[in-house]
Amino acid sequence: MNEKFDAIVVGAGPAGNSAAYTLAKAGMKVLQLERGETPGSKNVQGAILYSDALERIIPDFRDDAPLERHLLEQRMWILDDESYVGNTYRSDAFNKPPYNRYTIIRTQFDKWFSGKVQEAGAMVISETTVTDLHMDGNRVVGVKTDRTGGSVYADVVILADGVNSLLAKKAGFHPELRPKDVALAVKEIHFLPEETIDSRFNVSANAGVVIEMAGKITNGMVGTGFLYTNRESLTIGIGCLLSDFRKHGIAPYALLDKMKDHPAIRPLIEGGTMKEYTAHLIPEGGYHAVPPLYGDGWMIVGDAAMFVNSVHREGSNLAMTTGRLAAETMIELTADDKPMTAKNLARYHEKVKTSFVMKDLKKYKDMPKVLENNPQFFTAYPELLNRAAHELLTVDGVEKKAKERSIRRSFVKSRSWTGLMGDAVKLWRAFQ
Amino acid sequence: MMRVEERLFQNRYRVDPGRAHIQITDPSVCTVDCHSKPCTFCCPAGCYTKEGDGRVTLITDGCMECGTCRIICTEFRNIQWEYPRGGYGILFKFG
């Protein structure tokens, strides 16, 4: 493999596939390297696909992409130990094509996406781990792989190697991840007949439901849980900051088991056959943790660059968008006959900054710190809200005014007036 | 609670015999210096075990390649972590 390519893309997840597809479509000579047996076999996600980001790359993806259910209903649950307070948004507008969001199964979806990349003309080689970058001074000129004689060269290397991004660390492009900047999520997939899922979740004809959860299920740690409906399976998972897992000393799978045993969750998954258990890190450091995005001969995209909006549970769409923007940067520079220097590739950073990706991360830039320093949002408040609901909904001859007083007292007792005000201000600011 | 081994039994792996992709750099650091041993309870595959004599043993066969152990070992940086050779390690069926 002594051939030289226009671009080498490391990794075949949403970011890498979007970059490789966009480049190959524009006629560039692209090599994409994937360490899994097939593209997708190393990849883990909840998983929800956001149509918009993919539509901008493959407008007619709905014709043949393996999609599970389009999302009709979104539930948000705040859980106490044996109850939850929730809200639901369901609209028939979400039940009309073109659908905005779908559940997907990543191994199938990534394989499909990779097929599109290959059709577009990129050379995709699986079962190949990239072990290092080839440098010429400060400039990235290619990659080393674990195949014999496995060095390959290109004008640009696009790092789409996921959250761990060992390559960027080895090259000194960014330091080791900090435990408070990543969430560890564990997940199981449980198979049930399609009709059972339809009736349990009050849907039909491939419509699906998302349940996002927060509260006591995370044992006081910063994190959330989720339950997604696929066509014939449910994925259920929970993720918390790694720094919190360390501090609280609880095994991730024990937390998942506790969540599955919650009286409001157990009946939803009952009778299912568990067919896979997965774990994955989610880069949740946000705006302040985004590393340098480019240099001489390289750009970094997707999870490898911390592009996750943890507040809105978005990541794959940020990955696809940044992969596409990196590719478009390269296509433009090639058209202008400009070399792939850091100075010219800075255009990628500009594109990311003016897109929703960086704007959204910037909007929530203080959120990681606020949540980290205020565990009451995951403990005291879920408990207070649930008790308030219980008090109000229990009919026992006590006058309503007395019930309200009792609820108010419970809030003040738990958080104090200044604490309540402070918490409101903190949350309001973090959402600004 | 379901044991972690039962869970991992559902997963598909291609183990690379004799080539563990993760290694403890200096086992005596785990035994003597590291008191909290976070790898033994944070690893979602339970690859690290705290032995009765304080040693930490590592069996990587069930590893899901998430990176937790490497990142959590902040105090001693005592873990050498690489990806398995191409095609080896966890092979997710669904992801």
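Undergrad: Before we go on, may I ask you to explain the overall build of chain B in this structure?
TA: Each helix and strand counted, chain B has 4 helices and 6 strands in total. Whereas a compact globule of 95 residues would reach a radius of gyration of roughly 12 Å, chain B reaches 13 Å, a difference of no more than 12%. Taken over the C-alpha atoms alone, chain B extends approximately 40 × 35 × 20 Å along its principal axes. With 95 residues in all, chain B has 52% of them scored as buried. Residue pairs in contact within chain B that sit at least 24 positions apart in sequence constitute 63% of those at least 6 positions apart. Total accessible area computed for chain B in this model is approximately 4700 Å², and 51% of it derives from carbon and sulfur atoms. Of the charged side chains in chain B, 12 are positive and 11 negative; the average position of the first set lies 7 Å away from that of the second.

Undergrad: Explain the interface of chain A and chain B here, please?
TA: Many authors give the size of an interface as the accessible area that is lost as the parts come together. On the side of chain B, 40 residues touch chain A, which itself brings 51 residues to the contact. In total, about 3800 Å² of surface goes out of reach between chain A and chain B, with carbon and sulfur atoms giving 56% of it. Across the pair A:Glu127 and B:Arg14 runs a salt bridge whose closest N-O atoms are separated by 3.1 Å. The interface formed by chain A and chain B holds 32 residue pairs in polar contact (both at pLDDT 80 or more) in total. Among the residues making up the side of chain A that touches chain B, the classes are represented as 22 nonpolar, 11 polar and 18 charged.

Undergrad: Can you walk me through the pattern of salt bridges in this structure?
TA: Scanning the entire structure with this criterion turns up 41 salt bridges over all chains. In this structure, the salt-bridge partner of A:Glu284 is A:Arg313, at a minimum N-O distance of 3.8 Å. Residue A:Glu284 is found in the loop between strand E15 (273-283) and strand E16 (294-295), and its partner A:Arg313 is found in the loop between strand E17 (298-300) and helix H9 (316-335); the two are separated by 29 residues along the sequence. Close ionic contact of B:Glu5 with B:Arg3 constitutes a salt bridge, the shortest N to O distance being 3.6 Å. Each of A:Asp80, A:Asp81, A:Lys216, A:Glu383 and A:Arg387 takes part in a single network of salt bridges with overlapping partners.

Undergrad: What should I look at first to understand H9(A) in this one?
TA: Residues and elements named next belong to chain A. For H9, which comprises 20 residues, the first-to-last C-alpha distance of 29 Å matches the rise-based estimate of 28 Å (1.5 Å per residue) to within 8%. Within H9, 15 of the 20 residues are buried, leaving the element largely enclosed by the surrounding structure. Positive backbone phi, approximately 60 degrees, marks Asp337, located one or two places after H9.

Undergrad: Mind showing me how you'd approach the packing of H9(A) against helix H11 (residues 356-363) of chain A here?
TA: Between two packed helices, what matters for the description is the angle formed by their axes and the separation of those axes. All names here are of chain A. Packing of H9 against H11 brings their axes to within 10 Å, and their N-to-C directions diverge by 135 degrees. Classified by the angle between their axes, H9 and H11 sit oblique to one another. Two secondary-structure elements touch here, H9 through Asn317, Leu318, Thr321 and Thr322 and H11 through Phe356, Val357 and Leu361. Residues belonging to the contact of H9 with H11 are distributed by class as follows: 4 nonpolar, 3 polar and no charged.

Undergrad: In this structure, what is going on with the domain arrangement of chain A? I would like to understand it.
TA: All names here are of chain A. Taken domain by domain, chain A comprises domain 1 (4-67 + 104-174 + 291-354), domain 2 (180-283) and domain 3 (369-430). Opposite the 14 residues of domain 1 that make contact, domain 2 presents 19 residues. For the pair domain 1 and domain 2, the summed buried surface comes to about 1300 Å²; carbon and sulfur atoms form 64% of the total. The largest share of the area that domain 1 buries against domain 2 comes from Val44, Val163 and Arg313, three residues that together contribute 38% of it. Summed over the shared surface of domain 1 and domain 2, the result is 4 residue pairs in polar contact (both at pLDDT 80 or more). Class assignment for the residues of the side of domain 1 that touches domain 2 results in 9 nonpolar, 3 polar and 2 charged.

Undergrad: Looking at this structure, how should I read the nonpolar core?
TA: The biggest cluster of nonpolar side chains holds 139 residues, and the ones touching the most others in it are A:Leu159, A:Leu227, A:Phe307 and B:Tyr48. The element that contributes the greatest number of residues to this core is H9(A), accounting for 8 residues. Lining this core are residues from two domains, each supplying at least three of them: domain 1 (4-67 + 104-174 + 291-354) and domain 2 (180-283) of chain A. In this structure A:Phe307 touches A:Val290, A:Leu293, A:Ile300, A:Gly302, A:Gly315, A:Leu318, A:Thr322, A:Tyr348, A:Val352, A:Val357, A:Met358 and A:Leu361, once residues within four positions along its chain are discounted. Of all hydrophobic cores here, the second largest spans 15 residues; its members include A:Tyr364, A:Ala388, A:Phe411 and A:Leu420.

Undergrad: What exactly am I supposed to notice about unusual backbone geometry here?
TA: Backbone geometry follows two general trends: most residues other than glycine have a negative phi, and most peptide bonds adopt the trans configuration. Residue and element names in this part refer to chain A. Cis rather than trans, the peptide bond between Gly46 and Ala47 has omega equal to 15 degrees. Among the structural elements, Ala47 can be located in the loop between strand E2 (30-33) and strand E3 (48-50). Of note, the amide linkage connecting Pro97 to Pro98 takes the cis form, showing an omega dihedral of 0 degrees. For Pro98, the location among the structural elements is in the loop between strand E5 (84-90) and strand E6 (101-103). Backbone geometry places Asn219, a non-glycine residue, at a positive phi of 55 degrees.

Undergrad: I tried to follow the pairing of strand E4 (residues 70-79) of chain A on my own but got confused; where do I start?
TA: Walk down a regular strand and you will see the side chains alternate between the two sheet faces. All names here are of chain A. With respect to burial, E4 is a largely interior element, 8 of its 10 residues being buried. With 9 bridges connecting them, E4 and strand E12 (residues 207-215) associate as parallel partners. Its bridge partner lying in E12, Gln74 is registered against Val210. One ladder, built from 7 bridges, connects E4 with E5; its direction is antiparallel. Each bridged residue has a counterpart across the sheet, and for Leu79 the counterpart in E5 is Tyr84.

Undergrad: Explain the environment of A:Ser51 to me, please; I cannot follow it from the model alone.
TA: Residue and element names in this part refer to chain A. One can find Ser51 in helix H2 (residues 51-55). Residue classification places Ser51 among the buried positions, given a relative accessible area of 1%. A sequence separation of 49 residues divides Ser51 from Asn100, and the C-alpha atoms of the two residues are 5.3 Å apart. In this view, Ser51 contacts Phe61, Arg62, Tyr99, Asn100, Arg101 and Tyr102; residues no more than four positions away in its chain are not counted.

Undergrad: So what exactly am I meant to see when it comes to the pairing of strand E10 (residues 151-159) of chain A here?
TA: Residue and element names in this part refer to chain A. For E10, the buried fraction is high: 7 of the 9 residues fall into the buried class. As defined by bridge partners, strand E1 (residues 4-10) adjoins E10 across 6 bridges and the pair is classed as parallel. Directly across from Val10, in E10, lies its bridge partner Leu159. When strand E9 (residues 139-145) meets E10, the two strands line up antiparallel, connected through 3 bridges. By the bridge assignment for E10, Lys144 is matched with Ser151. In sequence, E9 turns back onto E10 through a hairpin of 5 residues, with Gly149 there showing a positive phi of about 65 degrees. Two elements, E10 and E17, share 3 bridges in a ladder whose sense is parallel. Bridge pairing in E17 links Val157 to Trp298.

Analysis parameters
- Residues numbered from 1 in each chain as written.
- Chains lettered and ligands numbered in written order.
- Predicted model: local features only at pLDDT ≥ 70, side-chain atom pairs only at ≥ 80, totals over all residues.
- Heavy atoms only, no water.
- Helix = DSSP H or I, 4+ residues; strand = E, 2+ residues; numbered from the N terminus.
- Rg over C-alpha atoms; globule rule 2.2 N^0.38 Å.
- Buried < 20%, exposed > 50% of the residue type's maximum accessible area, 1.4 Å probe, protein only.
- Contact = heavy atoms within 4.5 Å.
- Areas by Shrake-Rupley, 256 points an atom, 1.4 Å probe, with all protein chains shown as cover.
- Lys, Arg positive; Asp, Glu negative; His and termini not counted.
- Charge placed at Lys NZ, Arg CZ, Asp CG, Glu CD.
- Buried area = accessible area lost by both parts, 1.4 Å probe.
- Salt bridge = Lys/Arg side-chain N within 4 Å of Asp/Glu carboxyl O.
- Polar contact = N/O pair within 3.5 Å; in protein donor to acceptor, adjacent residues only side chain to side chain.
- Nonpolar A, V, L, I, M, F, W, Y, C, P; charged D, E, K, R; others polar.
- Expected span 1.5 Å × (residues − 1).
- Axes fitted to C-alpha atoms, helices over the stretch in contact; angles between N-to-C directions.
- Parallel < 35°, antiparallel > 145°, perpendicular 65-115°, else oblique.
- Domains from an automatic or database assignment.
- Core = buried A, V, L, I, M, F, W, Y, C linked by side-chain atoms within 4.5 Å.
- Pairing = 2+ DSSP bridges.

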